[in-house]
Structure formats: structure tokens, C-alpha cells
Amino acid sequence: MTTKQLIQNPFAFIGVLLIHTCRDARAFLTLVVQTLFQLVTHLPRKKETIQQLYFVANGSLWTIIFCVCFAAVVTMLESSFHMKLVIQNDSMVPGFASLLILRELGAIVTALLLTSRIGAGMAAEIGSMKVTEQIDALKMLGINPIRFLIVPRLIASTIGCVLLSIIANLVCIFAAMIVADQFLGYSNGMFLTAMRRFVDFQDIIFASIKAFCFGFVIPLVSCYFGFNCRTGADGVGRATTQSVVFASVAIIVLDFVLSYTFSYFY
Amino acid sequence: MIKYKNLVKSFGTRTVLKGIDLHIKAGEIVFILGTSGTGKSVLLKNTVGLLRPDSGEIWIDGENVSGYSEEQFLSIRKKCGMVFQHPALFDSLTIYENIAYGLRKHFSMAENEIERRVEQALSLVNLDNILSKRPGEISYGMQKRVSLARTVVLQPKVLLFDEPTTGLDPVTTNSINTLIQSLSRKLNTTSMVVSHDMQCALKIADHIVVLDQGQVVDQGTPKQLLESEVPLVRDFLEEARNQ
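Residues numbered from 1 in each chain as written. Chains lettered and ligands numbered in written order. Predicted model: local features only at pLDDT ≥ 70, side-chain atom pairs only at ≥ 80, totals over all residues. Heavy atoms only, no water.

Participant: Before we go on, may I ask you to explain the sheet that holds strand β5 (residues 63–64) of chain B in this structure?
Facilitator: Adjacent strands of a sheet form backbone hydrogen bonds with each other and so pair up, either parallel or antiparallel. All names here are of chain B. With antiparallel pairing, four strands are arranged side by side in an open sheet as β2-β1-β4-β5. Two strands bound the open sheet, and with one partner strand each, they are β2 (14–24) and β5. Pairing analysis gives eight bridges linking strand β1 (residues 2–11) to β2, with the strands arranged antiparallel. Bridge pairing links Y4 to L22 in β2. Where helix α1 (residues 40–47) meets the sheet, its contacts fall on β1, β2 and β4 (55–60), and the angle it forms with β1 comes to roughly 115 degrees. (Pairing = 2+ DSSP bridges. Helix = DSSP H or I, 4+ residues; strand = E, 2+ residues; numbered from the N terminus. Contact = heavy atoms within 4.5 Å. Axes fitted to C-alpha atoms, helices over the stretch in contact; angles between N-to-C directions.)

Participant: Even after reading the chapter, I still don't get the interface of chain B and chain A, so can you show me in this structure?
Facilitator: In many analyses, interface size is given as the accessible surface area lost on bringing the parts together. Taken together, the 24 residues of chain B in the interface contact 17 residues of chain A. Roughly 1700 Å² of surface becomes buried between chain B and chain A when both sides are summed, with 62% attributable to carbon and sulfur atoms. Viewed at the interface, chain A and chain B are joined by two salt bridges. B:K45 is the salt-bridge partner of A:E133, the closest N and O atoms lying 3.2 Å from each other. Elements represented by at least two residues in the side of chain B that touches chain A include exactly α2 (70–79), β6 (80–83) and α3 (95–106) of chain B. Looking at the side of chain B that touches chain A element by element, the count peaks at five residues for α3(B). (Buried area = accessible area lost by both parts, 1.4 Å probe. Salt bridge = Lys/Arg side-chain N within 4 Å of Asp/Glu carboxyl O.)

Participant: Can you help me understand unusual backbone geometry in this one?
Facilitator: A negative phi angle characterises most non-glycine residues, just as the trans form characterises most peptide bonds. One non-glycine residue, A:E133, adopts positive backbone phi at about 65 degrees. Structurally, A:E133 can be placed in the loop between α4 (93–131) and α5 (134–140). Classification of A:E133 as buried rests on a relative accessible area of 6%. Although it is not a glycine, B:A88 sits at a positive phi angle of roughly 55 degrees. (Buried < 20%, exposed > 50% of the residue type's maximum accessible area, 1.4 Å probe, protein only.)

Participant: What's the story with the pairing of strand β10 (residues 215–220) of chain B in this structure? I'm lost.
Facilitator: The side chains of a regular strand alternate between the sheet's two faces. Residues and elements named next belong to chain B. Sheet topology places strand β9 (residues 207–212) next to β10; five bridges connect them, and they run antiparallel. Across the sheet, residue D212 finds its bridge partner in β10, namely Q215. As consecutive antiparallel partners, β9 and β10 are separated by two residues, and within that stretch Q213 has a phi angle of approximately 45 degrees, a positive value.

Participant: When you look at a nonpolar patch on the surface in this model, what are you seeing that I'm missing?
Facilitator: Taken together, the side chains of A:V245, A:F246, A:V249, A:V253, A:F256, A:V257, A:Y260, A:Y264 and A:F265 present a nonpolar region at the surface, about 970 Å² in accessible area. Looking at where A:V253 falls in the secondary structure, it is placed in helix α9 (residues 232–262). (Patch = residues over 30% accessible without salt bridge, like charges linked within 9 Å, V, L, I, M, F, W, Y side chains within 5 Å. Areas by Shrake-Rupley, 256 points an atom, 1.4 Å probe, with all protein chains shown as cover.)

Participant: Would you mind showing me how to read the nonpolar core here?
Facilitator: One recurring pattern in soluble globular proteins is that nonpolar side chains are buried together. With 106 residues, the main nonpolar core has B:Y4 and B:F31 as its most contacted residues. At seven residues, the largest contribution of residues to this core is made by helix α8 (residues 201–227) of chain A. Dropping the residues within four chain positions of it, B:F31 is found in contact with B:V193, B:S195, B:C200, B:A201, B:I204, B:A205, B:H207, B:I208 and B:V209. A:A107, A:A111, A:I173 and A:I218 belong to the second-largest nonpolar core, a separate cluster that totals 44 residues. (Core = buried A, V, L, I, M, F, W, Y, C linked by side-chain atoms within 4.5 Å.)

Participant: For this particular structure, what's the right way to read the side chain of A:T35?
Facilitator: Following the sequence through the fold, A:T35 ends up in helix α2 (residues 10–41). Among all residues touching A:T35, those that are not within four sequence positions of it are A:I146, A:I150, A:V151, A:L154 and A:L220.

Participant: Would you mind showing me how to read the sheet that holds β9(B) here?
Facilitator: All names here are of chain B. Strand order in the open sheet formed by six strands is β6-β7-β8-β3-β9-β10, and the pairing between neighbours is mixed. Of all strands in the sheet, those bounded by a partner on one side alone are β6 and β10. Neighbouring strand axes in the sheet, compared pairwise and without regard to direction, differ in orientation by 15 degrees on average. In the sheet, strand β3 (residues 29–33) pairs with strand β8 (residues 190–195) via five bridges, with the strands oriented parallel. Looking at the pairing, F31 lines up with V193 of β8. The sheet strands contacting α2 are β6 and β7 (158–162), and the helix crosses β6 at an angle near 70 degrees. Of the strands in this sheet, β3, β7 and β8 are in contact with helix α6 (residues 170–187), which crosses β3 at around 145 degrees.

And the structure:
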């Protein structure tokens, strides 16, 4: 159907949209299943996986530390300001802030920053490989492109995201502690006592599970868009943008689903 | 060697190949000519399973490969080497690793034997002293030659060339075309070359096939094509004369 016909007929428009969505979802799920199959049945390429892990973890470390520090400062100052405004008391801020940092902020800020950095990079790299026929060349050499390209990135991203989110949580808590001490008048001891009252060990486990899931989703979405990239520089650009948007949305939705699921364990 | 029977391939509503019937004999150098978008590259990619036909049959060495799975195509891809329009070298690997990759994958060879085969393949394409370089450190023309070396090192029975001279200067174009001819004769392979270059086709092809809008409009030996009355073939010949 032409675009004009689709605009004139809303039912046809919805139908076409539905068909395309189902087709894309099926293609994505096929890629996920194939990737999991390759992950389980073959040993990963060690050198490539280590290189990717270095790219993911080391390359993103300082950006993440820088951003989570500011996120911690804003969280502390804003919560204190509003609590003082409403209940004229900010004594709960260190506890609440620690909880927020461990349950949400550390993992989600890390994942979103990784999406914009490594997710975009993966989509652009694989998209360029598709456009320049390198993926076809891999197939001609009898190499499975999923095993060759996605599996090392998936392992590196998952491990990297968990490690980075643990570091991000530690740095974020440390930054929050400094803000509490310098601006809100709560000593480090008071901060840690409040934190112990609010935070459980399972919060740290749940945060790591979230980071694991986010790290798993980023390369799958990015590689999917890279593999389905259209020809030309325009195609690579579009694939990169779509991968960042869809991975970010997927992380936010997944965060909700996981938080909702974890709420049954409290 | 390769037979296409009523091969049809569409992308969405656009039918690119409209019932191709073609027979490529063993040891021949066949040029597939045609204007852009007539389905020349699609024909090559269907041959090795990088694209799948909607209907029709492809026979390679007596095997009907049209319904083959990805796994079944592995043996066909061992037989058929393909040189792409782009050099398609892996940027993260050195030239040596690029050429040796297929050897490591398909044969259990000692490293010194791999080294010997890689050097031999590079000398076939008139290159040396670039083994430790990465693709980004050599010229585009050299990358094309390395791509050719990566394909011939596996000693395929069939060589498929998808516009091997696109984006190259006339001198390099000429040397690549000469290379195609000498390699095909030296290695005794069947070669299919997708090209726009009638002049070169007349010089080195055993058989020329002209495609237009997904159909074979004319085919024959270079001598026969010179006598063709098909307007598109006349246009190509005219263009070749003006070069």
C-alpha cells in the first residue's frame, strides 16, 4: 500500500503498523534465541571478549564515575531541600538517598550511559560491517556472524555492566556521604548508620541482577539494529539512533518490570 | 557447473530476478553485464546462499542448492569463493590474519603451512611486505587485492566477483582484470564476474551474459555479442568503443 492510501485509511495504517511490529519482534526474538544457542553451545572468542570488556569497562569508567557523582549530589540536595520545605526535617535523607542510589540510580545511570556509549558504538560498527559486506564475507568463510560478533559483545557488556554498576554504587554512596557531611551537617558515621537502617544486603543483590539484565539487553538491541542496517551512511546513522532509543526504552521498561518483581521479595 | 532454472527473487513488491535461465560451464570466465539495479549482484548472492530465491532452482556441481539450509550451504561456500564489491576485510585483524582466517577455519594446518599459503596467495595478487599491516593502513586497490588473496587462498572451484573494479583508477582496474584472468586460468576455476565494463569483458571473458530488468536479454561469446542487435548490448558496445 502507498503512504497516501495508508494515511487515508486509519485501519490499514494500524494493520500495517501491527504487521511490521510483529515481524520486527519475531526477528529480534529469533536473534536472541540464536545468540543464546551460540552462547551455550560454543566457547567464546577469548581475545575478542577481553578486548570488548576493556572497551566496555575501562572506556566507560570515568564517564560513569563523573556522572554518578553529580547524580548523587543532586539527589541529596534536592531531597533535603524538599523535605525541609514540606516536613521541616531532612533527617531521613541519608537513608532514603542510599536506598535510591542502590536500588535505582547506580544501575540505571550506568546502563543508560553504556547504551549511549557502547550501544551506539556496537550498532555503528556492525552496521558498517553490514554495509561494507563484511558480514557476508564472514558467512562466505563459514563463520557464524552471531558467534563471531554478538557473543563476545554480549559477555563483555553483561560483565562490564555489573562491574561498573557496583563501582557506580560505591562512588555514588561516597559522593552522597560527602554532600551529607559538607552541606547537610550529617557526619559520615550518621550517614552510615542511617544507610544500615534502610539498606539490606538483598538490595545490593537486586541491583546487581538489574545491572546484569541491562548489560544483557544493550548488545542484543544494538546488534539487532546493526544487523538490520540499510545501505549507506544514512542507514548506519539511522541504525545507531534507533539502537540508542530502543535500548534506552527497553532499560526503563525492564527496570520497572524488575522493580515490580523484586517488590514481592521485600 | 552452475545452472539457474527459472530463478525469481523479489524484495517487497519489486521483482529483481524474473525467471533467469542460465548455464555456466566449468572452467569458463563468464561476465554478467547490465545497468545498475538489474539484479546482477542478487544473482551472485543467491548462488552462495547469501540471499534466498523465491522460486526456481540453482544447481552447483550437480547439487540442487536452492532449498539448502545455512548449515548445508557451508560446503557450497567452501567450493565457491566470493570477492565483494567492497574489500570487506576485517578491520580488527592484520592482513595475515585476514587471509589465514579461512584456512584456520576449514583446514587443520600447521602454522608454517598457513604462513606459506598466505604468502603464496599474496604473491598471486602481486603484493608483499604487508602481512603485519591492518586494512586501514593500505590503499583501497591493495585492499581489493588482499580480498582476492583471501578468497583464492582457500582454492575454491568457483570464483564469484561482484564488481571487482568499482571505485578503482583505470590502471588498478586493468591490473585487477588481468589478475582475474590469470588467476582463473592458473587455478583452473570457473569465474563469474559481475561488471559494467564491456571493454574488459570482450577482452577476457569466454562468455558474456547481459541482464536487463531481471532478465537475460542476450548472451554468447564476445565475438557473438559484437554482432548483437539488442539495443542495450549496442549501447554497451558503443560505450566500450568510446573509452
